[in-house]
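# Chain and residue survey
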Amino acid sequence: MAEGAVEDFPSVQSISLCSQPSASTSSGLTLEERFRIIRSVGEECIQEDELMRLLAAKEEPICYDGFEPSGRMHIAQGVLKAINVNKLTASGCKVKIWVADWFAQLNNKMGGDLKKIQNVGRYMIEIWKAMGMNLDKVEFLWSSEEINSKASEYWPLVMDIARRNNLARIIRCCQIMGRSDQDELTAAQILYPCMQCADIFFLKADICQLGMDQRKVNVLAREYCDEIKRKKKPIILSHHMLPGLLQGQEKMSKSDPNSAIYMEDEEADVNTKIKKAYCPPGVAKGNPCLEYIQYIIFPLFGKFEVERSEKNGGNKTFASMEELIADYEAQLLHPGDLKPALSKAINQILQPVRDHFKSDKEARDLLKVVKGYRVTR
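Residues numbered from 1 in each chain as written. Predicted model: local features only at pLDDT ≥ 70, side-chain atom pairs only at ≥ 80, totals over all residues. Heavy atoms only, no water.

### Let's talk about the nonpolar core
What counts is decided by this rule: In these notes, a set of buried Ala, Val, Leu, Ile, Met, Phe, Trp, Tyr and Cys residues joined through side-chain atoms within 4.5 Å is what counts as a nonpolar core. Only protein chains enter the accessibility calculation, which uses a 1.4 Å probe. A residue is then buried if its area is under 20% of the maximum for its type, exposed if over 50%, and partly exposed in between. Working rule for contacts: check all heavy atoms of both residues, and any pair within 4.5 Å makes them a contact.
Ranked by internal contacts, the top residues of the largest apolar core, which has 77 residues, are Y123, I293, F304, L324, L338 and I346. Contact partners of F304, with chain neighbours within four places excluded, come to I293, I297, F298, K316, T317, F318, L324, L338, A341 and L342. Counting residues in hydrophobic clusters, the runner-up holds 30 residues, among them I170, C194, I200 and Y224.

Below, the structure is given as structure tokens:
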């Protein structure tokens, strides 16, 4: 954790490791414990029995994660990825994080300017360092460098995947780029899913750990295994996607500053955004504030503390999400008390990142450059 971390704030390096079990693997965890922690990363796992067999056979599975450097980082990407990566490395996985700079260029992010895209990639890595991502078993790989250095291995694989799939099947995967099959796609964007599918095999990944929005291309990789009669298929571990803060936003939008909290937002920015967030009294379903608490606050703090006046019920510490939802749906907890508590917790989480970008000159200069870029869809 970077200097300036709040006192008693638990490091994401220890997430989900509640006790020290008897050692049975190099991670110090039993097979069942490794499975439980790794499985908790995904909202969906394809397939659980394959994951258990993998862990029994391999102490250090290779887990593929990746990101398209496309603008300032929001809290879902910054905090959730740190939480998930630390769960995986603590359970014995080696995590290869694919810095998809060429992919961002194919998808016309930053206007297709590769230098800008790479600056964004470096800025994002700085954030994860400040957040406390355990980098001992993490490898950041830049797609442009890796593909160029091993072109004879990579491109025949891409071509074979493209050859074995029709255009309609590939277009159905365009969701992975934040596009829809109704969008007018460039030829470069048609190439994108074939390349991302190839990445999984190129990186020799045992597990694909990406968001639910990337599910279709991961399934394509498993279907490709059927096509080439490959028995060992990549296991898909798809994590939950946090919604935007405004009503009806299923996913955070980097281009809408009110939709997401950025990792270097100041305290006042966080307070304003949470105050404006959709949070209807008594309604838990589709409530982004409650999702923030469930997927960010509880994993990091193990509790949620609400400060309120005695006439509103007095201070209360919730030990579980179930307890919080019960009070909220019964309207024993009002948004007017929940929102300030949520803002306070988020500001504690983000403070080490703010401190890093203020105290480290290189990081500070990088942030200034990235903030000056215009976000392109």
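Resuming the write-up.
### Section: the pairing of strand β2 (residues 62-67)
Formally: Secondary structure elements follow DSSP: runs of H or I of four or more residues count as helices, runs of E of two or more count as strands, with numbering from the N terminus. One bridge is not enough; two strands pair if DSSP finds at least two bridges between them.
Within β2, six of the six residues are buried, leaving the element largely enclosed by the surrounding structure. Burial along β2 is two-sided: the residues I62, Y64 and G66 and C63, D65 and F67 are all buried. Relative to strand β3 (residues 94-99), β2 is paired through six bridges, and the arrangement is parallel. Paired with D65 across the strands is I97, a residue of β3. Across two bridges, the pairing between β2 and strand β5 (residues 207-211) is parallel. Opposite C63, over in β5, you have I207 as the bridge partner.

### Quick notes on the pairing of β5
Going by this rule: Whether a crossover is right-handed comes down to one check: with the strands pointing away from the viewer, does the path from the first strand over the helix to the second run clockwise; if it does, it is right-handed.
Among the five residues in β5, five count as buried, and that is most of the element. Note: β5 against strand β6 (residues 235-239), five bridges, orientation parallel. Residue pairing across strands places L210 opposite S238, the latter belonging to β6. As a crossover connection, the stretch from β5 through helix α10 (residues 215-227) into β6 is right-handed.

### Looking at the sheet that holds β2
Spelled out, the test is: Between N-to-C directions, angles span 0 to 180 degrees; the directions come from axes that are lines fitted to C-alpha atoms, helices contributing only their stretch in contact.
Spatially, six strands are ordered β1-β6-β5-β2-β3-β4 in an open sheet, and the strand pairing comes out mixed. Each end of this open sheet is capped by a strand with a single partner; those strands are β1 (44-46) and β4 (138-142). Ignoring strand direction, the axes of neighbouring strands in this sheet form an average angle of 20°. Where α10 meets the sheet, its contacts fall on β1, β5 and β6, and the angle it forms with β6 comes to roughly 175°.

### A closer look at helix α11 (residues 267-276)
Residue pairs spaced three or four apart in an α-helix point in one direction, given the helix's 3.6 residues per turn. To be explicit about the condition: Each direction from the helix axis to a C-beta atom contributes to the arc, which is the arc of those directions.
Taken as a whole, α11 has its buried residues at V270, K273 and I274. End-on view of α11: buried residues confined to an arc of 95°, all on one side of the axis. Exposed and oriented more than 90 degrees from the buried face of α11 are A268, K275 and K276. Buried-residue contacts for α11 involve α14 (335-359).

### Quick notes on the side chain of R34
Short version of the rule: Note on charges: Lys and Arg go in the positive column, Asp and Glu in the negative column, and His and the chain ends are not counted at all. By convention in these notes, a salt bridge is any Lys or Arg side-chain nitrogen within 4 Å of a carboxyl oxygen on Asp or Glu. Think of a polar contact as two N or O atoms within 3.5 Å of one another; within protein, one of them needs to be a possible hydrogen donor and the other a possible acceptor, and neighboring residues in sequence only count if both atoms come from side chains.
Inspection of the secondary structure puts R34 in helix α1 (residues 31-39). The buried charged residue R34 lacks any salt bridge, with E59 as its nearest oppositely charged partner at 6.3 Å. There is a polar contact of 3.3 Å between the side chain of R34 and the backbone oxygen of K58.

### Side note on the pattern of salt bridges
In total, this model carries 27 salt bridges according to the counting rule given. A salt bridge links K109 to E68; its shortest N-O distance comes to 2.8 Å. With K109 in the loop between α4 (101-106) and α5 (114-131) and E68 in the loop between β2 and α3 (75-90), the pair connects residues that are 41 residues apart, well separated along the chain. Of the residues examined, K109 reaches a relative accessible area of 11% and is grouped as buried. Judged by its relative accessible area of 13%, E68 is buried. Here D160 ties to R163 by a salt bridge, and the two come within 2.8 Å at their closest N and O atoms. Here the residue D160 and the residue R163 both occupy positions in helix α7 (residues 151-163), the gap between them amounting to three residues, near one helical turn.

### Concerning the packing of aromatic side chains
Aromatic ring pairs are defined here through the distance separating the ring centres and the angle between the ring planes. So the rule is basically this: By convention, a stacked pair of Phe, Tyr or Trp rings (six-membered ring in the case of Trp) has centres within 6.5 Å and planes under 30 degrees apart, an edge-to-face pair has planes over 60 apart, and any other such pair is tilted.
Considering all chains together, one arrives at eight aromatic pairs under this definition. Residues Y123 and F357 carry aromatic rings whose centres are separated by 6.0 Å and whose planes lie at 50° to one another, so their mutual orientation is tilted. In this pair, Y123 sits in helix α5 while F357 sits in helix α14, placing the two residues 234 residues apart along the sequence. Both residues of the pair, Y123 and F357, belong to the buried class. Judged by centre distance (5.1 Å) and plane angle (85°), the ring pair of Y154 and W155 falls under edge-to-face. Note on W155: relative accessible area 29%, which makes it partly exposed. Within the aromatic cluster, the residues linked to one another by ring pairs are W98, Y154, W155 and F202.

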